[in-house]
Every structure is written in structure tokens, then in C-alpha cells.
Amino acid sequence: MTSNEKKNNGPQNKSCLCKLTLEMSRLEAKKPSLCNSEPLTSEGVRATLSVWRGIVSSCYGPSGRLKQLHNGLGGYVCTTSQSAALLRNLSVTHPIIKILVTSVQNHVSCFSDCGLFTAILCCNLIENVQKIVLTPTTVIKLNKHLLRLCTNYLNSEACGCRIPVDFHSARIPLCLVRSVLTSKPASMLTKEEVDHISALILRTFLLTIPENAEGHIILGKSIIVPLKGQRVTDSTVLPGILIEMPEVQLMKLLPIKKSGALKVALFCTTLSGDLSDTGKGTVVVPCGVSLESAVLDQLLNLGRQLVSDHVDLVLCQKVMHPSLKQLLSAHQVIAIDRIGVTLMEPLSKVTGTQPIGSLGSISTSSYGSVKNLRTAKFGSKHFFHLIPNEGTICSLLLCNRNDTAWDELKLTCQTALHVLQLTVKEPWVLLGGGCTETHLAAYIRHKTCNEPESILKDDAGCTQTELHLVAEAFCRALESLAVSLEHDGGEILTDMKYGHFWSVQAHSPSAVNWSDLLSRCGCGLYNSQEELSWSFLRSTRHPFAPQTCLPREAVGSSSTLTVDCLTAKLGGLQVAVETANLILDLSYVIEDKN
Amino acid sequence: MVMAYRIINKRRHIGLQQLSSFAEIGRSLIGPVKSSKFIIDEESHESVLISSTVRLLENLDLTSAVGQLLNEAVQAQNNTYRTGTSTLLFLVGAWCSAVEECLHLDVPISIIVSVMSEGLNFCSEEVVSLQVPIHNIFDHMDNTFSGLETCSVTLCPFLQVSSDTGLQQEELDLKDVASQSLTNLVEVDKNTSQTLKNSLFADTCCRKSVLNHSRHFKRPDSNEQISKLDGFLEHGAANPRSYRCNDLVELAVGLSHGDLSNMKLVEEAVQVQYRNAHMKQVNSPAPFMFDISKIFTCCLPGLPESFSCICPGYVTAVSVSSTNLIKELQNQPVRLVLIEGDLTENYRHLGFNKSSNIKTVFDSMKLQEDSSEELWTNSVLQVLIQFNVNLVLVQGNVSECLVEKCIHSKRLIIGSVNGTVMQAFAEATGAVQVVYITQVNEDCVGNGVHVTFWKSNPLDVVDRNDRIAILLKTEGIDLVTAVLTNPVTAQMQTKEDRFWSCAYRLYYALKEEKVFLGGGAVEFLCLSHLQILVEQSLKKTNHASSVWLRNTSSWLASSLEIYRPTVLKFLANGWQKYLSTLIYNTANYSSEFEASTFIQHHLQKATESGSPSSYILNEYHKINSGIFNSGISDKLEHIPRVYDIVTPKIEAWRRALDLVLLVLQTDSEIITGLGHTQINSRASEGFLFL
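Residues numbered from 1 in each chain as written. Chains lettered and ligands numbered in written order. Predicted model: local features only at pLDDT ≥ 70, side-chain atom pairs only at ≥ 80, totals over all residues. Heavy atoms only, no water.

**Description of the overall build of chain A**
A tally of helices and strands in chain A yields 20 helices and 21 strands. Seen through its principal axes, chain A has C-alpha atoms that stretch 95 × 85 × 45 Å. Relative to its 594 residues, chain A shows a buried fraction of 53%. Sequence separation of at least 24 residues holds for 75% of the intrachain contacts in chain A that already meet a minimum separation of 6. A total of about 26400 Å² of accessible surface is found on chain A, and carbon and sulfur atoms cover 53% of it. Of note, chain A has its 54 positive side-chain charges centred 6 Å away from the centre of its 51 negative side-chain charges. (Helix = DSSP H or I, 4+ residues; strand = E, 2+ residues; numbered from the N terminus. Buried < 20%, exposed > 50% of the residue type's maximum accessible area, 1.4 Å probe, protein only. Contact = heavy atoms within 4.5 Å. Areas by Shrake-Rupley, 256 points an atom, 1.4 Å probe, with all protein chains shown as cover. Lys, Arg positive; Asp, Glu negative; His and termini not counted. Charge placed at Lys NZ, Arg CZ, Asp CG, Glu CD.)

**Some points on the pattern of salt bridges**
Should the charged atoms of two oppositely charged side chains come close, the side chains can pair. Tallied over the full model, the rule gives 35 salt bridges over all chains. Between K569 of chain A and E437 of chain A there is a salt bridge, with its nearest N and O atoms 2.9 Å apart. Of this pair, K569 of chain A sits in helix α20 (residues 566–584) while E437 of chain A sits in helix α15 (residues 435–450); the two residues are 132 residues apart in sequence, bridging distant segments of the chain. On the basis of relative accessible area, E437 of chain A is assigned to the buried category, the value being 2%. Salt bridges sharing common partners tie together E193 and R401 of chain A together with E651, R655 and D658 of chain B. (Salt bridge = Lys/Arg side-chain N within 4 Å of Asp/Glu carboxyl O.)

**Concerning the pairing of strand β7 (residues 241–245) of chain A**
All names here are of chain A. Burial analysis of β7 places four of its five residues in the buried class, which makes it a mostly covered element. As paired elements, β7 and strand β14 (residues 381–387) share five bridges and run antiparallel to each other. Bridging across to β14, E244 finds its partner in F383. (Pairing = 2+ DSSP bridges.)

**Some thoughts on the packing of aromatic side chains**
In the structure shown here, the tally under the stated rule is 18 aromatic pairs over all chains. An angle of 5° between the planes, with centres 3.6 Å apart, marks the rings of Y498 of chain A and Y526 of chain A as stacked. Within this pair, whereas Y498 of chain A is found in the loop between β17 (491–495) and β18 (501–504), its partner Y526 of chain A is found in the loop between α18 (514–517) and β19 (534–536), the two being separated by 28 residues in sequence. For Y526 of chain A, a relative accessible area of 5% corresponds to the buried category. Between the aromatic rings of Y314 of chain B and F425 of chain B, the centroid separation amounts to 6.2 Å while the plane-to-plane angle is 80°, which identifies the pairing as edge-to-face. Of this pair, Y314 of chain B sits in strand β8 (residues 314–319) while F425 of chain B sits in helix α15 (residues 419–429); the two residues are 111 residues apart in sequence, bridging distant segments of the chain. Judged by its relative accessible area of 8%, Y314 of chain B falls in the buried class. Connected via pairs of aromatic rings, a cluster forms that spans Y81, F290, F499, W500, Y504, Y507 and Y508 of chain B. Stacked on the ring of F307 of chain B, the Lys or Arg K455 of chain B has its end atom at 5.0 Å from the ring centre. Positioned above the aromatic ring of W454 of chain B, the side-chain terminus of K455 of chain B is 4.7 Å from the ring centre. (Phe/Tyr/Trp six-rings, centres within 6.5 Å; stacked < 30°, edge-to-face > 60°. Lys NZ or Arg CZ within 6 Å of the ring centre and 35° of its normal.)

**Some words on unusual backbone geometry**
Excluding glycine, most residues fall at negative phi; most peptide bonds, likewise, are trans. Its identity is not glycine, yet C549 of chain A carries a phi of approximately 50°, on the positive side. As for its position among the elements, C549 of chain A is in the loop between β19 and α19 (552–557). Here C549 of chain A falls in the partly exposed class, since its relative accessible area comes to 43%. At K410 of chain B, a residue that is not glycine, the phi angle is positive and equals roughly 60°. Its location among the elements puts K410 of chain B in the loop between α14 (400–408) and β12 (412–414).

**Points about the interface of chain A and chain B**
Contacts between the two partners involve 78 residues from chain A, matched on the other side by 73 residues from chain B. Between chain A and chain B, a total of about 6600 Å² is buried, with carbon and sulfur atoms accounting for 54% of that surface. Between chain A and chain B we count four salt bridges in total. The closest approach of N and O atoms between R348 of chain B and E292 of chain A, which form a salt bridge, is 3.0 Å. For the interface between chain A and chain B, the tally reads 24 residue pairs in polar contact (both at pLDDT 80 or more). Looking at which element gives the most residues to the side of chain A that touches chain B, the answer is strand β2 (residues 66–70) of chain A, with five residues. Note that strand β9 (residues 283–286) of chain A and strand β10 (residues 358–361) of chain B share four bridges and pair parallel. Within the sheet, the bridge partner assigned to V284 of chain A lies in β10 of chain B and is K359 of chain B. (Buried area = accessible area lost by both parts, 1.4 Å probe. Polar contact = N/O pair within 3.5 Å; in protein donor to acceptor, adjacent residues only side chain to side chain.)

**Here we look at helix α22 (residues 647–665) of chain B**
The first and last C-alpha atoms of α22 of chain B sit 26 Å apart over 19 residues, in line with the 27 Å expected at 1.5 Å per residue. Taking burial as the measure, the 19 residues of α22 of chain B include 19 buried ones, the bulk of the element. (Expected span 1.5 Å × (residues − 1).)

**Details of the domain arrangement of chain B**
Residues and elements named next belong to chain B. Partitioning chain B into domains gives domain 1 (14–133 + 517–546 + 556–665) and domain 2 (259–347 + 374–509). Measuring from the centre of the C-alpha atoms in domain 1 to the corresponding centre in domain 2 gives 41 Å. Listed per partner, the contact involves 11 residues of domain 1 and 11 residues of domain 2. Interface of domain 1 and domain 2: buried area, both sides summed, is about 960 Å²; carbon and sulfur atoms make up 54% of it. At the boundary of domain 1 with domain 2, the tally comes to one salt bridge. (Domains from an automatic or database assignment.)

**Some points on the sheet that holds strand β4 (residues 162–164) of chain A**
Residues and elements named next belong to chain A. Pairing is antiparallel in the open sheet, where three strands are placed in the order β4-β16-β20. The outermost strands of the open sheet, each flanked by one partner alone, are β4 and β20 (563–565). Ignoring which end each strand starts from, the neighbouring axes of this sheet average 40° apart. Sheet analysis places β4 next to strand β16 (residues 428–431), joined by three bridges and oriented antiparallel. Residue pairing for β16: R162 is matched across the bridge by L430. (Axes fitted to C-alpha atoms, helices over the stretch in contact; angles between N-to-C directions.)

**Concerning the side chain of D312 of chain A**
Residue and element names in this part refer to chain A. Mapping D312 onto the fold places it in the loop between α11 (291–308) and β10 (313–316). Residue class for D312 comes out buried when judged on its relative accessible area of 13%. A distance of 2.8 Å separates a polar atom in the side chain of D312 from the backbone nitrogen of K263.

**Observations regarding the sheet that holds strand β7 (residues 309–312) of chain B**
Residues and elements named next belong to chain B. Spatial ordering of the open sheet is given by β6-β15-β7, a layout of three strands whose pairing is mixed. Strands at the two margins of the open sheet, each flanked by one partner only, are β6 (295–301) and β7. Sheet twist, expressed as the average angle between the axes of neighbouring strands with direction ignored, equals 25°. Looking at chain direction, β7 and strand β15 (residues 480–486) are connected through four bridges and run antiparallel. The residue of β15 that forms the bridge with C311 is T481.

**Structural notes on the packing of helix α5 (residues 109–126) of chain B against helix α17 (residues 521–539) of chain B**
Residues and elements named next belong to chain B. Where α5 contacts α17, the axes come no closer than 9 Å and their chain directions differ by 125°. Judged on the interaxial angle alone, α17 and α5 are oblique. The two elements α5 and α17 meet at a crossing, and its hand is right-handed. Seen from α5, the contacting residues are G119, F122, C123 and E126; seen from α17, they are L525, C526, H529, L530 and L533. The residue makeup of the contact of α5 with α17, split by class, is six nonpolar, two polar and one charged. (Parallel < 35°, antiparallel > 145°, perpendicular 65-115°, else oblique. Left-handed = near helix turned anticlockwise from the far one by under 90°. Nonpolar A, V, L, I, M, F, W, Y, C, P; charged D, E, K, R; others polar.)

**Structural notes on the nonpolar core**
Formed by 135 residues in total, the largest nonpolar core has its most connected members in W95, M116, L251, W575 and W653 of chain B. Among the elements that line this core, the one with the most residues is helix α18 (residues 555–586) of chain B, at 14 residues. A domain split of this core shows at least three residues from each of domain 1 (14–133 + 517–546 + 556–665) and domain 2 (259–347 + 374–509) of chain B. In this structure W575 of chain B touches L91, W95, L120, C123, E523, C526, L527, L530 and W653 of chain B, once residues within four positions along its chain are discounted. Ranked by size, the runner-up nonpolar core spans 130 residues in total, among them Y60, V419, L481 and L518 of chain A. (Core = buried A, V, L, I, M, F, W, Y, C linked by side-chain atoms within 4.5 Å.)

This is how it looks when you write it as C-alpha cells:
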């Protein structure tokens, strides 16, 4: 510190102090990294894991409870029970939970569906395994064997809980969509609304399939257009692209004098007359020279070229200069700007245009065309409706009464559409409503009891006792996942023939004729009037062989089935087991505390 | 980043409790007689006078999650329909308590959700029988509102009549009622606002805005004066089933819900639009549609209420300093230019990014004589002179300096003009809207606009902000302006809100071509229909229950029938509460209990009759046949009916129930992104941290 500084008083002294503390902090020694061994044994981690499990399992299924997510400062309130929305908004600190959240998020981004399934199963597996005294290595190895057993079974012809999907009939695809819709209660749909939206989603999906497909099918795209505040049943789907526009602006462009095909130019650059980035430093311009008007001249030249090329419709992702618009409209060219980045790719696809990115001369090959251009009004919103010559792009106008419910419905619809795409690739669905889980558990129990050597194969490192212990933990994890579907205090039973899921009111008299109390199994395939025997899922049972090979006629008879996407569920199962294995394998958590 | 999590559904549902306490505030806002409220911010000492749900919620601090959801629901209803928000708010409260009662009785949540939403579906289907079709309403346009002015407003609520209150003494002249209620309010406002402020600012430690239930604003003597505007039953045709409405005036009065002065303005606006449309299409008369987007309001605070009127054309307020200019422009048609955006030197169109690092160097020899602003102003003026333009309408702001300069050269510039007005002038005059004045060419200039004062003696009508109203008119323009005046500035907003709510009610009625019989008739039908459903399901006569569970195969499906009557009963209680509050707010009952007993009495009769809807329709008929005092039978011919709009009302119900059920199904609140400082305070509220 110089003597000069010492003489200073008041505020300057303070700034001096600040400087000193800053310097001091720089000198501070680094904190040592924190190392925790066997993180899973810590009480704190277990408690956090169990709270986390509580959150996800309370969301699960059609009667799942909703969560209000907000920042506590008056920000947007998201009411949801979907993993995608839930995980996006959560911020977790513990590394173990972080691993869990990240793997589930990865799964959701690939498959959209079965996120909660994955999260709950993973937590269940970790919790159950902790109760057994076996080394993590053994558990991990056996878990892998069991996972292989499951995937092989679910992929095999013998599988008793999967149904082939025939897209010639709408029945199973509709059941699939309906199951997705009803499992997200926060979209607040009534029965009629579920019917309406499921039909709409199926129609939307069909519109994205090309008409004459040979060899590889490339699915098109559906764009969800928000129409909040309207009734759900006002939702509709249209082929082509809708561009929203304020009424006043729309009126200015009307009437559209052209009819028939229109020549289209699509700009992805701004046409607002900005100067392109001049970089650092200062540009010195002599008085009398206007850069703005220089750029405008260039824009107007561009406009003249468009006119002389007989372009009918100019679309611009960003802003167009008003003078350019004036020039174009004087020559009966329709100009629409501020289209936004989301519509660019579909627009370019539908019209066959090359998005133009410069103000220089335009090659004629960049132009494309549309079949027709119309205006449309839905609710209070006005749209330009671009009808393509041919194409697989459609716009789904989605309505719901308020923002919260709309957001949830949008996510649900996206999931349903994605699930349909996955099902086209792999045309099978699994029985839903908890039946697949209980059936699978019964199958594993039966296999480990009767053919343990087929599971262990030539793995010499594990004994059959170890297999029994781990398999029991695995089956319990699957079963308590199924139990998570019940949120109103009912009890879960399983039948001893198919191994399906049945729910019953709690504290039902014990010596009762179950077939009178029960109605249908979780997926809706079987009813209680068949001669079945039941037992509580929580009680210990003798292993039995659940009936495999689902007969076709069984599927035909029942009206509404709850079904899940095979691909998504298989993926979820894999992610859950592998993530659980990863977490069980952790022996140290090293944190940098600096 | 830390995340807090709490379970809000432990024993008593916190969310539902919060929701019902918010909804409680809106009790006095349903029905035609609304008690205004003062909202006072204890920190800034600012106060607002409100009398509608939307304004109420706008001015409250609703940072809690549930409060925000409520606000969102009300805003969504308001943005879509502009009406029904008070019904929504009230029913949220009523159904919140209903749901809480169900929870006390251990009804599973999924069952409450399914049965309640199905119950409301039943109601929505049932009330179709009380719809009144609107037919050929514009065939009777020779009737005018003047007929209404002479008729009496003895809208005896059905409950009133039956409790043997004489009809005659309630007859009051319409004009009296309207003006009296207004003056009462005004006086109260003047006298009490000061004392109110003094007494309420005492406590300043609380940050939140505090709502004060003010006794002073309970309608003074309203029991005697304005209670009868919302009749429960009115006279009808001889055949109770043949209700129809084919007269615009009758419809307007029925939809006025006690606000005849504003409804009269709306009705006039429709007449003006109808005449305009009629003149335009003499040869091919397309069906006339009331176009609400072509209606504008111009608020002039400080002028007496009686100055409110409807003017064809565009009325707007300009500064008093332009008085002379307008006098000069008055006598000839002027040419106009329409500018979207601002008319200032530095304005650039939206999306234009100015480069900050460009510096202009001036020739050192020539010193700039004028500032650039002045140069720009001159160039604008040059354009206006070149194209002989005397009127410029600007959507955005206008440079003050330019306005002054233009006044000197006999040119009027009006800023902040609505986009639809611009469009209407563009269509009527052939002008083309431009962003920059430099874009103007001969094709952009419009012709034939007439500028006049709104009142021939302009200085009599200077409003509180020293502005005078002027009228812009041109051949074939289809704009209609409602000039709204009110002596009390604080009430201007209320006046405007009420005008719009009348306008939208009439708009939806005409658009849907049907209305409900109003005054509580639909709610009464819902109540009695649910009552019958409860009885049926208790007797198990109705096995074909259509209640739908999301989880169809759950055990809940089989236990549904056990809980169904209970849940429906509580849903019905919501209607009961709504009706008794409505009647208590409207008619002369000393307590809600008394009103409730009265409803109960009629409910019994209606359910006993077997068909509640025909019971209601018959009651209408009875009044008409003069079953009561014979002396009033001839007068009853003039009793206007009360109507309600259809879809907005049903949507408000649905939204209210959806919100309650959404909150009901929510079991935890997750707060994300908390800083460390907030954690300690949150820990005490039962939050867990992850």
C-alpha cells in the first residue's frame, strides 16, 4: 500500500480493504477433496433416496398424485406427474441421485415413455439389494443374468404378456394411445376428451406416414400448435403448416389474389436491414454517408430480383424491413416474416426450398412451391395455412383450458406420438396396468426355482442360493413397482394362473369369495369370473409357472386394454437394472470442495 | 441449487385450504349487485377500487403456487370469454369445501375426481333444457330501447314473490334505479375514502397488499332500491316449453344483469353496426353478425355519467391545445397517413439491431446549424406538406416536438391508436399503413376523413386530464365508439370493465344464438338434478352409472357406487351455496341461512315434481298467469326476463372444478432453485431437502 493511499479517507479506504481481502482469498490454501467410502451405507443417502423414491412412485399411473413445481418466487407453476416435466425442473445435489436422474432423463429423451417406471424400478432394486448380505460384485453379476432372462422372455414368441400390433385395425394402437393419455392425470381430460384426443393423435400419426412407401419409410413430422383457453374437444389436426399471425397483420395481406401453386422463397437470414456484425472497434463514417440506406438498397435489389423471378410467397425466419415488404406487396408478392426457427425445417421440407442465407443473388434452385395458401381462424387466433403438394407434415392444433393443463397435455401427446413411432418399428405392445410386472416376477421365480442352471449357464462364480436371494430381491422390486400404481389404499392380489395384477379394497374380509370382489385384472384382459385362485402379492407364495404364449383369441374378446409400448418398457428395464448396478458398484464419492 | 419438497396432503389439504381462502374474497362479487372493494397497498399507500374478479386478482399478491394457479384459471376464462370469472371464483371456493368434506369422510381421491367431473357433465347436459333459442332477432329492429326506459324493472326474483312480498312496492323506474345506485356509490366514495385510508394505514409492517372488507361499500339501502334486478323467474309464453327470444331489446335487458345503463350503450352499438351493414349490402343481405372487434371505448373521466353515448366513427381524446387546429380542420375532408410503430427520430422497426460502434464524423468546415432532431422533424413535415396530409394516425408514440410543429402548420398527429382502428381507416380511406414516414407515397395516403369535435361546444367537455374528445369519421367506416364518462376517476376502470362485460355477454348470446333462462334458474336445475341423482343412487335404481375412472380395472370401480351419493351431495352443496349467496346478495334476505332455507323449500318441491326443469318452466308460467296479486297483472307484461350466456357459463363451471380437482390430486409442492438463505426459513414449514 502506498503512502498516498493511506492518506485517503472514507470510501476509498473501504475499497482498499476489499482489495486486500481479495488478495488474501487468493492466497488461501486449497481445501482437500472430500472422499466418502461406500456412499450407499450412509444414513443421509438412504434417506434422500427414499424421499426421491416417494416422489416418483407417488406420481405413477392413472391415479398418480401430482406435483407442483415452482421456484417459490412467483414463477411459473408446473403441475405434473410426468417424469419428463418432473426431472427437467428438479435440481438435485447428491451425486448418487444425480446419476439416477441423468440416466432416467437419457431414457426419456430416447423413448419419451416409461420414465417413472425406470426411476422407481431402479430405486427398488437398490433398496432391496441392500437388505441382502452379498458382495456388490455378485449382485451385479446376477442382476445382469436376470435382466438377460427378462429381455429374452419379453422378446420371445413364448412371452405371455405381449400382444402383436396390427396397424390395419385401429384397436390396439388406440388402446396404446389411450393408455398413455389416461396415465397422465394432470392434463385433466374427461372420458369424451380422452376419446377425442386419442383419435386425433392416431390421425396425426397417420398423416406423417408417406403415401407410397417403398423400402425405407421416412416418417414425417407433426407440429403441435398451441391454442390455449379453448375446450379440449376443439382440438383438430390439419395437413400442412400453420403460421400464426395477428389478425391486423393478416388483414393487410388479404385478399390473396393468387390461386394454384405458388413459388416460394424461404430466408433464414434477417432481412431487417441490420448492418452485419462489424466486429470490435469503431467504424468511422463521413457525414452524408448512411450505412442504413446502403443496406436498404441492397435489400431492395434483392426484392426486385424476387419480383423478376416471379416469386409469389416470401417467407422469412426473422424480420423483414418494412420498405422491402412494401416493395413486394406492391408487386402482389405475399411476404410473411418472423416465422421462427421451429417452423424452418418443416417449411423447407414441405416446399422443397433451400433456405437462403445471404443477401447476394439467389440461385433459382433455391425456390420451392406450395399447392395453396389459405387463411384459417381457430379460437381467437389467425393463421396462414400452407397446403403442400404432397407431404407428411401436419399441424396438430391442441386446446386445453389453461396453461398448466395444456403443457401437460402437449407433453402427453408428444409421448403418445413417439410411442406410436416406436411401435411401428417393433410392432408389439406389453400388457399394462401392472400385469406385465407381476407376470414377469412370477416367471423369474419359476425359472430360478426350476431351472437355475439355465440362468447361471456356465457362470461358476455364483451359487444357486445367491441366485435365489438376488432373484427374490429382483422380483420384489418388480412387484412393488406394480404396487406403486395403487394410491388409494387398496391391496394388490395376483392370480396363480396368469400372474396378473388385481386390486381390491383394503381390509376386505379374508374368507371371501375373491371372484365376487374383483372385477378385472390391471390390463383388462381377464375377468374374475374365470376359475382362478388369488393370493396377496405381498405374501410368500409357491412359485408357479404363469401361462405363456398369449392366445390371439384372448386378446380379441376384451374391449379396452391397457397396454404399454414394448420398446420403451424394455429400454426402461435395461436402464433401471444397469443404473442400479452402476450405483451399487460405487465405492467412493470424491468431491472437490473448492 | 437446492430443492425443497413438502407433502401438502397430510391431514388437511393445505392447497385446498389456500384455494378456498382466496375464493372467499370473491363472495360479494356474484350477482347483479356487486359490492366494491378497496385494495390498499400498505407500503406505497396506493389504493385501488375494484368490483370485478379479474381486477381483484390483478391487485392481490398471489405468489403462492395455488394462488397462481387460481389466477391463471381466472385469466384464461377472462381472455377467452371476458365473462364468468366471478362465477368461477365463487365455485372454486364452494367446491373446495365440498372436496374437503369428502376427504373428511375418507372418500378416495380418485373417486372424488371421477364422480365430481361426471356429476358436472350431467349438469351441463341437463341445463340444455333451459336454453332459449334466439331467432331472427334482427327482424324486429324497429323496436328501440326507449320502450325499455318506460318499462318497470319489477324483476321479482321468484323467491321474492313466493315469500309473499308485494310486487308493486318494488316497482321502480329504471332510470331512477340506475342513477340512484350510482350516486350512492359516488357519495360513499367521496365521503369514506379519506377516513378509510386514515384508518387502514396504521399497520405498515406487512409487505403484502391487504384486502379490506369495507362495510361502507356494502350497497347502501340496496335491499329496498336495487335488489330486484336479478329475477329468478319471469313471465313467459302460455306454453312453458316454448320460450324463445326474438327481440334484441328484450335480450339486451335480460343480459344486462342489473347494469342497464351500460347495456343500453351496447345495444345502441349493435343497432349502429346493423344499420351500417344494412346500408352497405342493400342487394345481398348477408346475415348480420355483431362484430365486437369494431367497438371501441373512449374514457373521459370527470364528465357526468349522462354524457356517455355511442358514436359511429372513432372518438378519441386529444390535448386541449389542439382546439384551434380542430376548428380549422372541421370544415373540409382531410387526407391522412397511417404510421404503424412510433413516429420519433430514433425509432426503428421491430427486430432491427442498431450497431453501436458506428461514428459519424462531420466535415470540420461546415458546422451543424440544426440538431439532428430538428432536421428529422423538418423532413417529416416536408413529406406531410408534399402529400398535403393534415391528419396522421400513429400506432405508437409521437415525438412531442413534431406534434407542436405540426399544430403550427395545421396538421394533427394522434398517437397510441389501436391497430384495429388503423386497419379500419386503411380499409375505409384507401390508405396503406407504413412504418416510416419516408415510405409514404401517393398510394399510401387516404382521403376524405372528417375531423370534428365530439360535442359542439368542446370546452364544456374537457375531461380531468385536460383533454377534449374529437370524432374522426369517413364514408363507410364501420367503427363504433362508446364514449364512457364518469365523474369519479377511480370508477372509470369499473365503468369500462362493466361496459365490456355487457358487450361480451350480448356478443356471445348473438353468436351462439341461444341463451339460458337466467337469474339462478340453471344453477337451481343443476342442484335439483343432482338431488335426484343422489336419491336414485341411494335407492340403487340407476345401475347404469356412467362414471368413468381413469383406472378402469381398479378396485375403486367396484366401490364407486358406495361413495357416489356422498360425493354428488357435496357437489350439489356447492350449487346450494352459490344460489344462496346470489340471492342473499340480490334480494332482501337478512341472512344467507334464510336464503338457503328458501332454496331448500323449492328444491323439495322441484324434486317431488319429478322433472325439475318443467317445474322451473311452470313457475315462470304461473307468474305470467297472475297467480299472485291481481292488481299487477297488466304491469307484468313488461317484466323483462333475465338471461345468461351458455358456453362461457358452462366453461366457467368446468374450469372451477378442474382447478379444484387439480389441486386435490396434488400431494406435494416442490420448490426449486432456493438459495441457502431461504433454506432456514423453509425448514420450519415442513419442507424436506434433496
